Amino acid sequence: MARPLIQLALDSLDVAQTLKLASLAAPYVDIFEIGTPCIKHNGVSLVKELRKLYPNKLILVDLKTMDAGEYEATPFYAAGADICTVLGVSGLATIAGVIKAANAHGAEVQVDLINVPDKAACARESAKLGAQIIGVHTGLDAQAAGQTPFADLQAVAKLGLPMRISVAGGIKQSTVQQVAQAGANIVVVGAAIYGAPSPADAAREICELASAA
Ligand SMILES: O=C(CO)[C@H](O)[C@H](O)COP(=O)(O)O
C-alpha cells in the first residue's frame, strides 16, 4: 500500500510565518493547505506566491465554500490551486459548481464532511457528481469539545467509493499510523507540526510514521 500523502495545514494569518513554516516542512510534506482563516485573510495573492515558490507541490485552498461554488472557486484555481474545498452541507448545486470550476482548470475538488449529518449520503452524492476527494474532518471547535475523526473515517472507508479519502482533525504522531491503516489517502496535519518545538522534525516524524504504517 502506498503511503498516504501528508498535507500541512498552514493555519496562521501571518504571511511571513506561513512561508517560514512551509519552507521548514517542505521536504516532508506533499500538499500545502492554505487554511481557511489564512486564505480569508490573505486571499488569492498567497496562492500565487506559494505556487511560484513551490511549482512541484500540490496546493489545496481550504475555501470551505458554502454558496456560489463556481464563482468563488474559479479565481483560486486560476491562481494555481490544485484542490479547493467545498462544504458538504452547502448542497449539491454548490458542490457541482466547484467541480465545474475545477474541471475548467484541470484541477480537483475536495468535499468536506464537517458537520454533515448524513456523511455516507453526502459522500455517495459527491462521488456521483465527480468530486475526487472526500474530507473526513473534525474541526478545531469540535476538537476542543473532545471529538475526533476516527469513527467517521472508518465509516467512510467502508463505503468503498471511487474517491480519495482525506482525514483531518488533530492528527499527530501517535495517530498517523492508525488513520493510514484505516484507509486515509491524505493525512492532514496542522497543530502537531506548527505547534511543535521543531516543525521540521515533527513533519519528518509524521512522514516517516506514515511510510511505515
Ligand atoms: O481545516 C482545519 C480547521 O477547520 C484545520 O486546518 C485542520 O483541522 C488541520 O489542523 P489540525 O491538525 O490542527 O486539526
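Calculation criteria
- Note that residues are indexed from 1 along each chain, following the sequence as it is written.
- Restriction of local features to residues with pLDDT of at least 70 applies here, the model being predicted, together with a cutoff of 80 or more for giving and counting side-chain atom pairs; totals for whole chains, interfaces and linings are based on all residues.
- In computing side-chain properties, one takes all heavy atoms of the structure into account and sets aside hydrogens as well as water.
- UniProt positions are given in the numbering used here, feature names are shortened, and annotations may be inferred rather than shown by experiment.
- Labels follow the DSSP assignment, with helices taken as runs of H or I lasting at least four residues and strands as runs of E lasting at least two, numbered in each case from the N terminus.
- Nitrogen and oxygen atoms within 3.5 Å of one another constitute a polar contact, given that in protein one can donate a hydrogen and the other can accept it, and given that sequence-neighbouring residues count only through two side-chain atoms.
- The contact criterion used throughout is that any non-hydrogen atoms of two residues lie within 4.5 Å.
- We count a salt bridge whenever a side-chain nitrogen from Lys or Arg sits within 4 Å of a carboxyl oxygen from Asp or Glu.
- Buried, partly exposed and exposed residues are distinguished by accessible area as a fraction of the type maximum, computed with a 1.4 Å probe on protein chains only: under 20%, between the cut-offs, and over 50%, respectively.

- By the naming in an unreviewed UniProt entry, the chain goes by 3-hexulose-6-phosphate synthase and is assigned to Methylomagnum ishizawai.
- In UniProt, the chain has this text filed under Catalytic activity (unreviewed entry): "D-ribulose 5-phosphate + formaldehyde = D-arabino-hex-3-ulose 6-phosphate".
- For the chain, the Sequence similarities (unreviewed entry) comment in UniProt is given as "Belongs to the HPS/KGPDC family. HPS subfamily."

## Description of the side chain of Arg 51
At step 1: Here Arg 51 shows up in helix α3 (residues 44-53).
At step 2: A polar side-chain atom of Arg 51 sits 3.3 Å from the main-chain carbonyl oxygen of Pro 55.
At step 3: Apart from residues no more than four positions distant in its own chain, Arg 51 is found in contact with Asn 56, Lys 57, Ile 59, Ala 79, Gly 80 and Asp 82.

## Considerations on the pattern of salt bridges
Side chains carrying opposite charge are able to pair once their charged atoms draw close together.
At step 1: The tally for this structure, following the rule as stated, stands at eight salt bridges.
At step 2: Glu 125 serves as the salt-bridge partner of Lys 128, at 3.3 Å between the closest nitrogen and oxygen. Here Glu 125 and Lys 128 lie together in helix α6 (residues 119-129), a separation of three residues that amounts to about one turn.
At step 3: Put simply, Arg 204 and Glu 208 hold a salt bridge, and the shortest N to O gap is 3.7 Å. Of this pair, Arg 204 and Glu 208 both sit in helix α11 (residues 199-212), four residues apart, which is roughly one turn of the helix.
At step 4: Its relative accessible area of 28% is what places Arg 204 among the partly exposed residues.

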